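# Summary of the model geometry
Chain residues, written in single-letter form:
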Amino acid sequence: MKIPYFLSSIAILYLLLTGSQCTEVTESSQVASAQKVSAQKGNFNGGLNDGDNWGAALSNIGDLEGDGVIDLAVGAPGDDDNGDNRGAVWILFLNADGSVDISSKIADNTGGFSGNLDDNDRFGSALAGIGDLNGDGARDLAVGAPMDDDGGDDRGALWILFLDANGKVTASSKISHQRGGLPSKLDDGDQFGAAVADLGDLDGDGVRDLAVGAPLRQQNAAAKGSVWILFMNTNGTVRAANEIGDGEGKFKDSLNADDRFGAAVAGLGDLDGDGIPDLAVGAPQHDAGGANRGALWILFMNRDGTVKDQRMIAQSEGGFSGRLSDNDRFGSALSRSGDLDGDGVRDLAVGAPMSDDGATDSGAIWLLFLKPNGKVKGEAKISQRDGKFKENLNGGDNFGAALAELGNLNNDRSDDIAVGAPFDDDDQSDAGAIYLLFMERTRDEKRVSLFSN
């Protein structure tokens, strides 16, 4: 039936005059409960020492032992087994409540690991579960040692560890300036291996590929940082590689000296729906909005490891409306975090470990609710003051220095998150701790005008 013109005009006029409204429903996320794990809490009996920095790196490694609960790798780059700061990795077999069932340590001549570590290698500074790379039925792990000296000072290295169901190393492969098939050579001070992420099968050859950060690599005569895309062989060596940074890999934005681009990386899956996995890269000392406030980039990838498109997220950039302060170092850690707001798009957790909420450098994390184009549609902060996080943080804890998605660990309706605080002082100075955050969705309904912008 056709509505007479004068009646439709009256209806529109009525709506305008009354400010007719509709209900807008949004979902966010906050902490329902938390489990702290440290030398004193969470049933972890591994024993930590001064300066271990346990929790400096985290990775979900899947259900290694096959009990139906995911397991977690935790880096302790300041561990002193057999020498100063050689580093270590702990495999935590978790209970569904976030406490530790049993644990296994991997370090110099420990846990089946026979690779040679030297003083100050800081093995365990970065971690990534990489599925079953070699096809033996057990899950494997990539471990960064960014201060390794193969070929020169602090050039860095990445170790590929092939694990068994008990968290022991059955074999390993080292990727560095001198080993593992890296086609381009590293320079002194690059710190290759400071970050690592599983990208999935980027080039479509049936083998998982990796992104590895080198945050002090020289680009255009300044230490701006870069990310290496490593196309892997199943034996843990590199088949081919591509570098992304200032003027490299079709990256279009300009970086500044000491931005530390590549200090954190996270595989995002296929965010934009083109069938190719995408990547998030942190630059925690970028100065957007103020000194060392930090930034990250969403990189939409080509199959050859170059950048198809990109979006920067920082203070007042990329849809991010959260408030950062100088020296927060937003982007120091990254992890995809499941679909926290329930809109069908995976979201991103971002560490800001030098945030001063509650105390100086106590730390914070931000949950970014993403659109498929990489833009932020909303955010939530978790810190001593925000997000209903009820645990006590102290000055200098650096909560948010590491992140890992946990999936739905406790079998409720929300995905959960692990957060590192590597300078926590439980039992020993800077021994470190982690927090397992059990999340809940919050529903916000508000009345909005049909004619509002």
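## Description of the confidence of the model for the chain
Looking at the chain, the pLDDT average stands at 91 and 91% of residues meet or exceed 70. Below pLDDT 50 for its whole length, residues 22–26 participates in 17 contacts with residues either more than four positions away or in separate chains. Low pLDDT (under 50) marks residues 443–453, which in the prediction has 25 contacts with non-local residues, meaning those over four places away or in another chain.

## Examining the nonpolar core
With 25 residues, the main nonpolar core has Ile229, Phe261, Leu279, Trp297 and Leu299 as its most contacted residues. Listed by contribution, the elements that provide at least two residues to this core are strand 10 (195–200), strand 14 (226–232), strand 17 (278–283), strand 18 (295–301) and strand 19 (307–314). The greatest single-element share of this core, amounting to four residues, is contributed by strand 18. Once residues lying within four places of it in the same chain are set aside, the contact partners of Leu299 are Ile244, Phe251, Asp278, Leu279, Val281, Val307, Asp309 and Gln310. Counting residues in each nonpolar core, the second largest holds 23 residues, with Ile70, Val100, Ala404 and Phe438 among its members.

## Examining the sheet that holds strand 2 (residues 57–62)
If you trace the four strands from one edge of the open sheet to the other, you get 2-3-4-5, paired in antiparallel fashion. The open sheet has two edge strands with one neighbour each: strand 2 and strand 5 (100–107). Taken over all neighbouring pairs, the strand axes of this sheet differ in orientation by 25° on average, direction set aside. Looking at chain direction, strand 3 (residues 71–76) and strand 4 (residues 88–94) are connected through six bridges and run antiparallel.

## Section: the pattern of salt bridges
By the definition in use, this model includes 25 salt bridges. Asp119 is paired through a salt bridge with Arg86; the nearest N and O atoms lie 2.9 Å apart. Placement of Asp119 in the loop between strand 5 and strand 6 (126–129) and of Arg86 in the loop between strand 3 and strand 4 is noted, with a sequence separation of 33 residues between them. Taking relative accessible area as the criterion, Asp119 reaches 36% and is therefore assigned partly exposed. Residue Glu405 pairs with Arg336 through a salt bridge whose shortest N-O separation is 3.2 Å.

## Overview of the sheet that holds strand 16 (residues 264–269)
Read across the sheet, four strands follow the order 16-17-18-19 without closing on themselves; strand pairing throughout is antiparallel. Whereas interior strands pair on both sides, the edge strands pair on one side only; in this sheet they are strand 16 and strand 19. Between one strand axis and the next, the sheet turns by 20° as a mean value, whatever way the strands run. In the sheet, strand 16 pairs with strand 17 via five bridges, with the strands oriented antiparallel. Paired with Gly269 across the bridge in strand 17 is Asp278.

Conventions we followed
The numbers attached to residues start from 1 for each chain and follow its sequence in the written order. In keeping with the model being predicted, local features are shown solely for residues with a pLDDT of at least 70 and side-chain atom pairs are shown and tallied solely at 80 or more, while totals for entire chains, interfaces and linings include all residues. Note that water and hydrogens are dropped before the side-chain values are worked out from all heavy atoms of the structure. The pLDDT value tells you how sure the predictor is about a given residue, anywhere from 0 up to 100. Note on definitions: a residue-residue contact is assigned when non-hydrogen atoms from the two residues lie within 4.5 Å. Residues belong to one nonpolar core when they are buried, are Ala, Val, Leu, Ile, Met, Phe, Trp, Tyr or Cys, and are joined through side-chain atoms within 4.5 Å. We call a residue buried when its accessible area falls under 20% of the maximum for its residue type, exposed when it is over 50%, and partly exposed in between, using a 1.4 Å probe and counting protein chains only. Labels follow the DSSP assignment, with helices taken as runs of H or I lasting at least four residues and strands as runs of E lasting at least two, numbered in each case from the N terminus. In this analysis, strands are considered paired if DSSP registers two or more bridges between them. Axis lines are fitted to C-alpha atoms, over the contacting stretch for helices. Their N-to-C directions set the angle, which ranges from 0 to 180 degrees. Any Lys or Arg side-chain nitrogen found within 4 Å of a carboxyl oxygen on Asp or Glu counts as a salt bridge.

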